[in-house]
Amino acid sequence: MRIDYKLNDKFDLWLFLSMLGLLAFGLVAIYSATVHHPTAYGKFNQQVIAAGVSFIAFFIIYFLPTGYFKDVPFYVYGLAILMLLAVLVIGHRVSGAKSWINFGGFGFQPSEFAKIATIFMLSSFLSRGNTQIDSPKDIVRFLAIGMFPVVLILVEPDLGSSFVFFAIMLVLLYWKGISLFGLFVVLSPPFVAIAALFGVYYFIAALVVVIGLIVYFKPDIISGVTIFAINIASGFFVDYVFKALSEHQQTRIKSFIDPGADPLGAGYNSIQAKVAVGSGGLFGKGFLHGNQTQLQFIPEQWTDFIFCVIGEEFGFIGSLIILTLFTILFFRILKIATSTKDEFLSLVIAGIFTVYFVHFVINLGMTVGLMPVIGIPLPFVSYGGSSLLINMSMLGIVANVYRTKKLYT
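Residues numbered from 1 in each chain as written. Predicted model: local features only at pLDDT ≥ 70, side-chain atom pairs only at ≥ 80, totals over all residues. Heavy atoms only, no water.

Visitor: Sorry, what's going on with the overall build of the chain here?
Guide: Of regular secondary structure, the chain possesses 17 helices and three strands. Expressed as a percentage of the 409 residues in the chain, the buried residues total 53%. When the accessible surface of the chain is totalled, it reaches about 19100 Å², and 71% of it is carbon and sulfur. (Helix = DSSP H or I, 4+ residues; strand = E, 2+ residues; numbered from the N terminus. Buried < 20%, exposed > 50% of the residue type's maximum accessible area, 1.4 Å probe, protein only. Areas by Shrake-Rupley, 256 points an atom, 1.4 Å probe, with all protein chains shown as cover.)

Visitor: Mind showing me how you'd approach the nonpolar core here?
Guide: Side chains that are nonpolar tend, in soluble globular proteins, to be buried together. Formed by 114 residues in total, the largest nonpolar core has its most connected members in Phe 326, Leu 329, Ile 333, Ile 352, Tyr 356, Phe 380 and Leu 395. When residues of this core are assigned to their parent elements, the largest contribution, 15 residues, is made by helix 15 (residues 343–367). Those residues in contact with Phe 380, other than ones at most four positions away along the chain, are Met 19, Leu 22, Leu 23, Leu 329, Tyr 356, Leu 388, Asn 391, Met 392 and Leu 395. (Core = buried A, V, L, I, M, F, W, Y, C linked by side-chain atoms within 4.5 Å. Contact = heavy atoms within 4.5 Å.)

Visitor: Sorry, what's going on with empty space enclosed by the protein here?
Guide: Rolled over the atoms, a probe sized like a water molecule indicates the empty space that remains. Under the criterion given, the structure shown has two cavities of 30 Å³ or more. In this model, the second largest cavity occupies a volume close to 40 Å³. Residue lining of the second largest cavity: Gln 47, Pro 377, Leu 378, Phe 380, Val 381, Ser 382, Tyr 383, Ser 387, Leu 388 and Asn 391, and that is the complete set. For the lining of the second largest cavity, the leading source of residues is helix 16 (residues 385–403), giving three residues. Here the residues of the lining of the second largest cavity are counted per class, giving six nonpolar, four polar and no charged. (1 Å grid on protein atoms, 1.4 Å probe; cavity = no way out; pocket = protein on both sides within 12 Å on 5 of 7 lines; lining within 4 Å. Points joined across faces, edges and corners; volume = space filled by probe spheres on them. Nonpolar A, V, L, I, M, F, W, Y, C, P; charged D, E, K, R; others polar.)

Visitor: Sorry if this is basic, but what is going on with the packing of aromatic side chains here?
Guide: Each pair of aromatic rings is reported with the distance of its centres and the angle of its planes. Under the defined criterion, the tally for this structure stands at 28 aromatic pairs. Ring centres of Phe 16 and Phe 55 lie 6.2 Å apart, and the angle between their planes is 65°; on these two criteria the pair is classed as edge-to-face. Placement of Phe 16 in helix 2 (residues 13–34) and of Phe 55 in helix 3 (residues 43–63) is noted, with a sequence separation of 39 residues between them. Taken together, the ring pairs connect Phe 11, Phe 16, Phe 55, Phe 58, Phe 59, Tyr 62 and Phe 63 into an aromatic cluster. If you follow Arg 403 out to its NZ or CZ, it ends over the ring of Tyr 62, 5.5 Å from the centre. (Phe/Tyr/Trp six-rings, centres within 6.5 Å; stacked < 30°, edge-to-face > 60°. Lys NZ or Arg CZ within 6 Å of the ring centre and 35° of its normal.)

Visitor: Any chance you could explain the pattern of salt bridges here in plain terms?
Guide: Pairing between side chains of opposite charge can happen when the charged atoms of each approach one another. Across all of its chains, the model carries five salt bridges by this definition. A salt bridge links Asp 138 to Arg 141; its shortest N-O distance comes to 3.5 Å. Of this pair, Asp 138 and Arg 141 both sit in helix 6 (residues 136–155), three residues apart, which is roughly one turn of the helix. The exposure class assigned to Asp 138 is buried, which follows from its relative accessible area of 7%. Classification of Arg 141 by relative accessible area gives partly exposed; the value is 45%. (Salt bridge = Lys/Arg side-chain N within 4 Å of Asp/Glu carboxyl O.)

Visitor: Hey, could you run me through the environment of Met 394 in this one?
Guide: Here Met 394 lies in helix 16. Using a relative accessible area of 1% as the deciding quantity, one classes Met 394 as buried. It is 9.3 Å that separates the C-alpha atoms of Met 394 and Phe 353, two residues lying 41 residues apart in sequence.

Visitor: Honestly, the packing of helix 2 against helix 14 (residues 306–339) in this entry has me stumped. Any pointers?
Guide: When two helices pack together, you describe them by how their axes are tilted relative to each other and by the distance separating the axes. The geometry of helix 2 relative to helix 14 is characterised by a closest axis approach of 9 Å and an angle of 160° between their N-to-C directions. By the angle class used here, helix 2 and helix 14 are roughly antiparallel. Our pair here, helix 2 against helix 14, has a crossing hand that is left-handed. (Axes fitted to C-alpha atoms, helices over the stretch in contact; angles between N-to-C directions. Parallel < 35°, antiparallel > 145°, perpendicular 65-115°, else oblique. Left-handed = near helix turned anticlockwise from the far one by under 90°.)

Visitor: Just checking my understanding: could you explain a nonpolar patch on the surface for this structure?
Guide: On the surface, Leu 282, Phe 283, Phe 316, Ile 317, Leu 320, Ile 321 and Leu 323 cluster together to form a nonpolar patch covering roughly 630 Å² of accessible area. The topology assignment puts Leu 282 in the loop between helix 12 (268–279) and helix 13 (291–294). (Patch = residues over 30% accessible without salt bridge, like charges linked within 9 Å, V, L, I, M, F, W, Y side chains within 5 Å.)

Visitor: Is there a simple way to think about helix 15 in this case?
Guide: Helical geometry: 3.6 residues make up each α-helical turn, so side chains three or four residues apart lie on a common side. Look at helix 15: 36 Å from first C-alpha to last across 25 residues, which is about the 36 Å you get at 1.5 Å a residue. Buried residues dominate helix 15, accounting for 22 of its 25 residues. Where helix 15 begins, one side-chain oxygen reaches toward the backbone nitrogen of Phe 344, 3.2 Å away; that side chain belongs to Asp 342. A positive backbone phi angle near 85° is found at Gly 369, which sits one or two residues after helix 15. (Expected span 1.5 Å × (residues − 1). Polar contact = N/O pair within 3.5 Å; in protein donor to acceptor, adjacent residues only side chain to side chain.)

Visitor: Just checking my understanding: could you explain the environment of Phe 357 for this structure?
Guide: Along the chain, Phe 357 falls in helix 15. According to the relative accessible area criterion, Phe 357 is partly exposed, its value standing at 35%. For the pair Phe 357 and Pro 379, spaced 22 residues apart in sequence, the C-alpha to C-alpha distance is 9.0 Å.

Visitor: What am I meant to see in the side chain of Thr 340 here?
Guide: In this structure, Thr 340 sits in the loop between helix 14 and helix 15. Given the relative accessible area of 7%, Thr 340 is considered buried. Within the structure, Thr 340 has its side chain in polar contact with the backbone oxygen of Ile 336 (distance 2.6 Å).

Visitor: When you look at unusual backbone geometry in this model, what are you seeing that I'm missing?
Guide: Across residues other than glycine, the phi torsion is negative in most instances, and most of the peptide bonds are trans. The phi angle at Lys 218 is positive, at roughly 55°, despite the residue not being glycine. If you trace the backbone, Lys 218 turns up in the loop between helix 9 (200–217) and helix 10 (221–244). Accessibility expressed as a relative area gives 70% for Lys 218, which makes it exposed. Unlike most non-glycine residues, Phe 380 shows phi in positive territory, near 70°. In this structure, Phe 380 sits in the loop between helix 15 and helix 16.

So this is what it looks like as structure tokens:
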């Protein structure tokens, strides 16, 4: 009992075991989705190798001195920016986006590394003693740090990853304790931008709402005019960004509104995904016996649509297990984030939680047709070496803070 107590005191077993369960389910699903595929048979072996490398990264980070994390934000953020610039020059194009850098036979997606690098940099900025989170000037600085990698990622273009960065910025501001006015300053531009996508009348209506809220909050004239100008700019900018996206990404967004409008094109994956999940029933069709999976109705379903495999072959029970494992993982991360009194570490863990949670919500939303298909993998479950490496590294940071919790709580 003493050994177990000491182990649990330094190592969060529930955190680790929930991750192991997700990884195991992912490997089983990847094997089922690729074993009979004519061109993807080796994906399972590649994922096993990636899992081994990721475990090494997890334990290396776990044993690092926790204070080391406070020394690296500027360097990892700078490295991430350099990698995002490099991928625009020497990157390999996959699914319409120039977002991969190849090293020999392996590929790495810089946007994955940029997520944790941006979390570190934003957390470092917010935890500075002189940062006033309700100051428009500091909010603009904060948004500049967060938006720089987003702009580079949109140039690739990779719309899915950019959504994660927006969520990171929003959650970190909330975690810091931003006021309602500060939250309005941050949320109003994306609100107006989304409205502009639906047409000019929605755009005008959104601007009227913004004007009403500016009058309600009564900022000084310069701040009010600046906020309104930013919102107008966001409405025009979103049209430019939409047109800059690749044709298949534009079609994905359009098909989200009505998948049935193009059932053999952009809406195909969404329709087939719902069929696969719905056909699994309570206990599923059995391992390697899913019709949609084994007949490859969904292209590359070992990546973004891996949950279809689990839903079809393991049914509602298998899907429920996945949801339970994610719930345990989320609760453990949140508990560590809230119990950590060091502001920087608490913000970092809150940012890591955001990455996992947003990926989880969007991926499952894509699978059941509640979200547009924007290329977001399911953490620890979907195929992808760079994604798994970054996810395990982030979990290593969380486990590291738990290990030294007596020093930072």
